[in-house]
Amino acid sequence: MKKSIFGIFETAKSNLEQTAIRLKLEDAMLKRLLETKEKIEITLNPTLTNGKHIQVKAFIVRHRDSLGPAKGGIRMSGNVTIDDIQGLAMEMTWKTALIGVPFGGGKSGICFDPSGITAEDKEIIIRSFTRGAMRHIGPEIYVPAPDMGTNEMDMGHIRDCLAYSWGKSVTNGCYVTGKPVILGGILGRKEATGRGVAYTTVAACEKQGFDIKSARVAVQGFGNVGSIAAMIISELGAKIVAVSDVTGGIKNEQGIDIKHLLSYVKQCGQVYGYPLAEKCSNEDVLTSNCDILVPAATQSVITAEIAENIKAKIIAEGANSPTTPDADEIFDKKKIFIIPDILCNAGGVFVSYLEYTQETQREQMTLEEVNSRLNNRIVGKFNEVYDYSKEHNLTMRQAAMNIAISKVVEATYAMGILP
Ligand code: NAD
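The following paragraphs examine the structure supplied in this document.

Procedures and definitions
- Per chain, the residues get numbers from 1 upward, laid out in the order the sequence is written.
- Thresholds applied to this predicted model are a pLDDT of at least 70 for local features of residues and 80 or more for the giving and counting of side-chain atom pairs; totals over whole chains, interfaces and linings are not thresholded and use all residues.
- Each side-chain value is worked out from all heavy atoms of the structure, with water and hydrogens disregarded.
- Put simply, DSSP H or I for four residues or longer makes a helix, DSSP E for two residues or longer makes a strand, and each gets a number counted from the N terminus.
- The span you would expect from a helix comes to 1.5 Å times its residue count less one.
- Burial here depends on accessible area, computed with a 1.4 Å probe over protein chains only, as a share of the maximum for the residue type. Under 20% is buried, over 50% is exposed, and the range in between is partly exposed.
- Two strands qualify as a pair provided that DSSP identifies no fewer than 2 bridges between them.
- An axis is simply a line fitted to the C-alpha atoms; with a helix, the fit covers only the stretch in contact. Between two such axes, the angle follows the N-to-C directions and lies from 0 to 180 degrees.
- Throughout, near means a residue has at least one heavy atom within 4 Å of the molecule or strand.
- Any pair of N or O atoms that falls within 3.5 Å is considered a polar contact. Within protein, one atom must be able to donate a hydrogen and the other to accept it, and sequence-neighbouring residues count only if both atoms are side-chain atoms.
- Using the Shrake-Rupley algorithm and a 1.4 Å probe, accessible areas are obtained, with residue cover drawn only from the displayed protein chains.
- Think of it as three bins: nonpolar holds Ala, Val, Leu, Ile, Met, Phe, Trp, Tyr, Cys and Pro, charged holds Asp, Glu, Lys and Arg, and polar takes everything else, Gly as well.
- Domain start and stop positions are those given by an automatic or database domain assignment.
- Pairing of aromatic rings covers Phe, Tyr and Trp, the last through its six-membered ring, and needs centres within 6.5 Å; plane angles under 30 degrees mean stacked, over 60 mean edge-to-face, and all others mean tilted.
- We call a charge positioned over a ring when the NZ of a Lys or the CZ of an Arg lies within 6 Å of the ring centre and within 35 degrees of the ring normal.
- Angles below 35 degrees are treated as roughly parallel, those above 145 as roughly antiparallel, those between 65 and 115 as roughly perpendicular, and all remaining angles as oblique.
- Here, two residues are considered to be in contact whenever any of their heavy atoms come within 4.5 Å of each other.

We now examine helix α1 (residues 8–23). For α1, with 16 residues, the first-to-last C-alpha span of 22 Å sits near the 22 Å given by 1.5 Å per residue. Along α1, the residues that are buried comprise I8, F9, T11, A12, S14, N15, L16, T19 and A20. Taken from the residues just after α1, K24 is the one with a positive phi, measuring 50°.

Spatially, β10-β9-β8-β7-β11-β12-β13 is the arrangement adopted by the seven strands of the open sheet, whose pairing is mixed. Whereas interior strands pair on both sides, the edge strands pair on one side only; in this sheet they are β10 (278–280) and β13 (337–339). Going from strand to strand, the sheet's axes swing by 20° on average, the running direction of each strand aside. Pairing of strand β7 (residues 216–220) with strand β11 (residues 292–295) involves four bridges; the strand directions are parallel. Bridged to A218 within β11 is L293.

So, about the pairing of strand β5 (residues 104–111). Most of β5 sits inside the fold, with seven of its eight residues counted as buried. In this sheet, β5 lies alongside strand β2 (residues 56–64) in antiparallel orientation, the contact comprising six bridges. Residue pairing across strands places V61 opposite K107, the latter belonging to β5. Relative to β5, strand β3 (residues 70–71) is paired through two bridges, and the arrangement is parallel. When the bridges of β5 are listed, K71 appears paired with G105.

What follows is about the site of the ligand. In the neighbourhood of the ligand, 22 residues make up the surrounding shell, with R75, D147, T193, V225 and N320 lying closest. For the ligand, an oxygen atom lies 3.0 Å from a polar atom in the backbone of V246. Interatomic distance of 2.8 Å between a side-chain N/O atom of N320 and an oxygen atom of the ligand. Protein coverage of the free-state accessible area of the ligand, which is 830 Å², stands at 83%. Those elements that provide at least two residues to the shell around the ligand are α6 (189–208) and α7 (224–235). Of the residues contributing to the shell around the ligand, the split by class is seven nonpolar, eleven polar and four charged. Residues lining the shell around the ligand come from more than one domain, with at least three contributed by each of domain 1 (36–173) and domain 2 (191–344).

Summed over the entire model, instances satisfying the criterion amount to seven aromatic pairs. A centroid spacing of 5.0 Å and a plane angle of 85° characterise the contact between F103 and Y356, whose relative ring orientation is edge-to-face. Here F103, found in the loop between α3 (82–99) and β5, pairs with Y356, found in helix α13 (residues 347–361); they are 253 residues apart in sequence, far enough to count as distant. No difference in accessibility class separates F103 from Y356, as the two residues are buried. With a centroid separation of 6.3 Å and 10° between ring planes, the pair formed by F382 and Y386 is classed as stacked. Residue F382 and its partner Y386 are located together in helix α14 (residues 367–392), separated by four residues, close to a single helical turn. We note that F382, like Y386, is buried. The rings of F103, Y353 and Y356 are connected pair by pair, giving a single aromatic cluster. When the ring centre of F9 is taken as reference, the NZ or CZ atom of K13 above it lies at 4.2 Å. Taking NZ or CZ as reference, K313 lies 5.6 Å from the ring centre of F210, over its face.

The next point concerns the packing of α1 against helix α15 (residues 396–414). Between α1 and α15, the least distance of the axes is 10 Å, while the angle of their chain directions is 75°. As summarised for this structure, α1 and α15 are arranged roughly perpendicular, according to the angle between their axes. Residue-level contacts link N15, L16, T19, R22 and L23 of α1 to R397, Q398, M401, N402, I405 and S406 of α15. Of the residues that constitute the contact of α1 with α15, the class distribution is four nonpolar, five polar and two charged.

Right, here's the structure in full:
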């Protein structure tokens with residue numbers, strides 16, 4: 001597969017520049033939004049359980065905070081760059097504005113490949129990151145959460161590391177979301193992003209006039225977002241015909257039993273080689289014969305070259321920035337319906353917001369309440385973006401970007417001249 005020239009930051013900047021033209025933004029405002037407000041690089045020097053001293057780079061970015069404290073996950077990956085984190089933080093500014101939670105955009109990155117390390121060593125690195133990043137984390141500054149390569153256990157370690165450092169049993173307010181429920185996390189957060197992907201996919205099927213029950217679906221990425229989205233979509237009656245992860249793809253025209261695949265992955269650690277499906281490449285999954293494609297892995301995977309061969313009628317962007325701007329133009333020509341990332345995967349940050357409010361009130365919300373509020377909010381926002389796109393003759397991505405950026409711009413002007 002040819003590597004795209006668009007990284008996350010280039011895609012985010014290109015989408016912003018195009019929106020600025022449509023909204024006729026002042027040059028000074030565009031310049032402000034193109035830059036991150038704050039970017040920090042931290043060098044960590046943890047000692048692993050084998051006694052080895054290692055050096056790890058970590059980044060924290062706050063893109064904008066005119067609507068509230070910066071919010072965004074921690075990406076742990078061997079090749080994450082400060083530019084990726086800047087692009088992801090910018091996306092978070094638009095996502096929080098669009099879904100209507102009082103947060104700005106932030107993100108952090110730990111440049112270390114977590115696959116294959118022990119739980120103990122991962123905890124050491126996460127705690128080392130927390131100590132190094134402590135001054136930049138807080139309920140009024142930046143509130144992290146899980147992203148690729150991190151999970152709720154890691155968020156539990158972050159909370160503990162912060163509280164422990166201050167000699168307290170709890171933190172005063174919400175410093176991190178996506179924690180284990182027992183430590184003040186919220187029921188349904190782990191599933192919220194995938195669930196939101198499924199809810200918006202159902203809404204898109206309704207608008208496109210076909211029944212999800214008869215849909216054939218391909219899913220790229222079988223981690224938190226991809227596996228949950230696949231499970232819920234298959235429970236709704238759709239057939240999952242192809243799945244992939246970083247090791248490769250699998251396909252089965254008759255449909256893949258997602259529950260069974262999940263237990264296989266739990267045992268073997270990967271989807272490639274699952275015995276009840278045929279092996280295929282990652283690209284085959286993206287271009288497979290399906291109605292709905294859910295990219296839920298990583299950025300810049302749908303390039304112009306791939307877009308030409310995509311057969312799906314709906315693309316539900318579970319991942320952040322999976323589609324490059326040149327691929328977007330092709331989708332526009334092919335009339336493929338895109339549920340853009342800042343809408344499709346916003347379920348996670350919405351439920352993180354519920355966790356943030358729950359922690360202040362020290363009262364546990366029920367799963368029913370969480371899921372019902374998530375459904376109402378994300379489907380409500382889907383409809384708002386859809387109506388706007390029809391009214392202004394725009395694609396779903398253009399409409400979502402117009403709505404989100406208008407809100408951030410309005411807040412920036414409302415704050416006055418100093419911020
Ligand atoms: P994860 O680490 O749990 O899973 C990632 C999955 O993608 C794994 O199955 C991995 O093998 C696969 N993968 C990685 N590179 C791949 C490639 N090149 N081709 C095919 N598969 C590949 O991560 P996650 O939390 O599920 O996040 C997935 C995407 O969703 C990311 O883009 C992330 O930024 C986005 N996202 C996550 C959340 C969340 O709450 N976790 C919220 C919003 C957006």
